[in-house]
Amino acid sequence: MIIIDPLLKLHEVVHVLIKLHFTLNMRNPNKLLLLLLTLTTLNLCLFPQKTSAAQLRHNYYANICPNVEKIVKATVTAKFHQTFVTIPATLRLFFHDCFVTGCDASVMVASTSKNKAEKDHPDNLSLAGDGFDTVIKAKAAVDAVPQCRNKVSCADILAMATRDVELGRLDGLSSTAASVSGRLPQPSFDLNKLTSMFARNGLTQADMIALSGAHTLGFSHCNRFANRIYNFRRPRWTADPTLNRTYVDQLRGMCPRHVDERVAINMDPVTPRSFDNQYFKNLQRGMGLLSSDQVLHADRRSRPTVDLWAQNSQAFEKAFVDGITKLGRVGVKTGSRGNIRCDCGVLN
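Every value quoted in this text rests on a predicted model; they were computed, and no experiment measured them.

Cut-offs and rules
- Residues numbered from 1 in each chain as written.
- Predicted model: local features only at pLDDT ≥ 70, side-chain atom pairs only at ≥ 80, totals over all residues.
- Heavy atoms only, no water.
- Helix = DSSP H or I, 4+ residues; strand = E, 2+ residues; numbered from the N terminus.
- Buried < 20%, exposed > 50% of the residue type's maximum accessible area, 1.4 Å probe, protein only.
- Contact = heavy atoms within 4.5 Å.
- Areas by Shrake-Rupley, 256 points an atom, 1.4 Å probe, with all protein chains shown as cover.
- Salt bridge = Lys/Arg side-chain N within 4 Å of Asp/Glu carboxyl O.
- Disulfide = S-S within 2.5 Å.
- Lys, Arg positive; Asp, Glu negative; His and termini not counted.
- Core = buried A, V, L, I, M, F, W, Y, C linked by side-chain atoms within 4.5 Å.
- UniProt positions renumbered as here; feature names shortened; annotations may be inferred.

(A) Representation of the overall build of the chain in the model. Across its full length, the chain holds 14 helices and two strands. Expressed as a percentage of its 348 residues, the buried residues of the chain come to 53%. Taking the contacts inside the chain whose residues are at least 6 apart along the sequence as the reference set, 73% of them involve residues at least 24 apart. Entry remark: accessible area of the chain is about 15400 Å², with carbon and sulfur atoms responsible for 53%.

And the structure:
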């Protein structure tokens, strides 16, 4: 069993993770859980009093809900044993939440007859239900403890990671599908568009490349890249020339023309259940599933970073932790700008 002292500073946690080489698979559930709890910034926080972003701090729950991390860890462990998708699904849910109106769990809200919520925007329809289910179950487990009931926001449950992350997010007060448009990266984005979109959220090009490395886990649907393997340019059946030809044949076998759009393909065809730097090695071989993946190596401006992280897993691991931590600060709601939902799917 792997145990990491929750009082370790972030750089110390990173050092431990590097020593473990991120060797995560179904035979090592504790290591895989460690990734989820340390890197996806899934932190539980509360803000019952007036506050501001400047008051976000560490150890926020020490006197409010001291066992909150153990409660959530137990929930995530149980969920992980049910399905591996728990990890990539929660990572993607966190990203889609933070990039729209900030890290405020607005993506969790269900639509009503009077309001179409974020989760029902076309860009969010492919979010795996396991990510939502993980947060909902963790919230229920926390609220089952009388001392913690209604003291932990859904936004912070979705953002919990190490004890070295600033805590204190509130849940957002609104959620609309209209707010999603133009705020999430698209599969066809080039480097300029990717860099610009991340910059609007206070993230650098290096942060963008590091966070793209999360595509070493998870899956995508055939319709998100079909144009790359069939209709990239005339004549028909011509594939994107930046794609590895053998990889094209494999993708065509898994995603024939007119296939059901719900068919899902692993983002990383080599080590789909390990969080490692294989994603960058794949890009070097022309095996980036989406155009927005492969462009990171095709463009000379970002290629040196891809090549570095393909060779140096430690450098990538550190950059990913830095990037996901910065992502967790985007658009945080405090004071009168938010509250703590009793039900993550329903606005108070």
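Structure's up, so let's keep going.
(B) Region of the structure containing the pattern of salt bridges. Summed over the entire model, instances satisfying the criterion amount to twelve salt bridges. Residue D207 pairs with K326 through a salt bridge whose shortest N-O separation is 2.6 Å. With D207 in helix α8 (residues 205-212) and K326 in helix α14 (residues 313-327), this pair connects stretches of sequence that are 119 residues apart. The class for K326 is partly exposed, based on a relative accessible area of 27%. Via salt bridges that share partners, K79, D130, D133 and K137 belong to a single interconnected network.

(C) Fine view of the state of the cysteines. For the coordinates displayed, the defined rule picks out four disulfides. Paired through a disulfide, C98 and C103 show a sulfur-sulfur distance of 2.0 Å. Between C98 and C103, the S-S dihedral sits near 120°, and the bridge is therefore right-handed. A single burial state applies to C98 and to C103, both of which are buried. Paired by a disulfide, C154 and C344 hold their sulfur atoms 2.1 Å apart. Looking down the S-S bond of the C154 and C344 bridge, the torsion is -95°, so its handedness is left-handed. Taken together, the residues span a long stretch of sequence, with C154 in helix α6 (residues 154-157) and C344 in the segment after α14 at a distance of 190 residues. Along the chain, the cysteines engaged in disulfide bonds are linked according to the scheme 1-4, 2-3, 5-8, 6-7 when indexed in sequence order.

(D) Broad picture of the side chain of D293. Relative to the helices and strands, D293 is located in helix α12 (residues 291-298). R228 provides the closest opposite charge to the buried, unpaired D293, separated from it by 6.4 Å. Every residue in contact with D293, bar those within four places of it in the chain, is listed here: H215, M267, Y279, L283 and G288.

(E) Structural detail: the nonpolar core. F280, L296 and L327 are the most contacted members of the largest nonpolar core, which has 66 residues in total. In this structure L296 touches L191, L194, M208, I209, S212, Y279, L283, S302, R303 and V306, once residues within four positions along its chain are discounted. Counting 15 residues, the second largest nonpolar core, distinct from the first, contains C222, A239, I265 and M287.

(F) Main features of unusual backbone geometry. Although it is not a glycine, A105 adopts a positive phi angle of roughly 60°. The residue N150 is not glycine, and still its phi comes out positive at about 55°.

(G) Broad picture of the environment of N59. Assignment of secondary structure puts N59 in the loop between α2 (29-39) and α3 (68-82). With 107 residues separating them along the chain, N59 and E166 place their C-alpha atoms 8.3 Å apart.

(H) Seen up close, the UniProt feature "binding site: substrate" (unreviewed entry) in the chain. If you check UniProt for "binding site: substrate" (unreviewed entry), the listed places come out as P185 in our numbering. Mapped onto the elements of the fold, P185 is located in the loop between α6 and α7 (191-199). Leave out the neighbours within four places in its chain, and P185 touches F95, F99, L194, M197 and F198.

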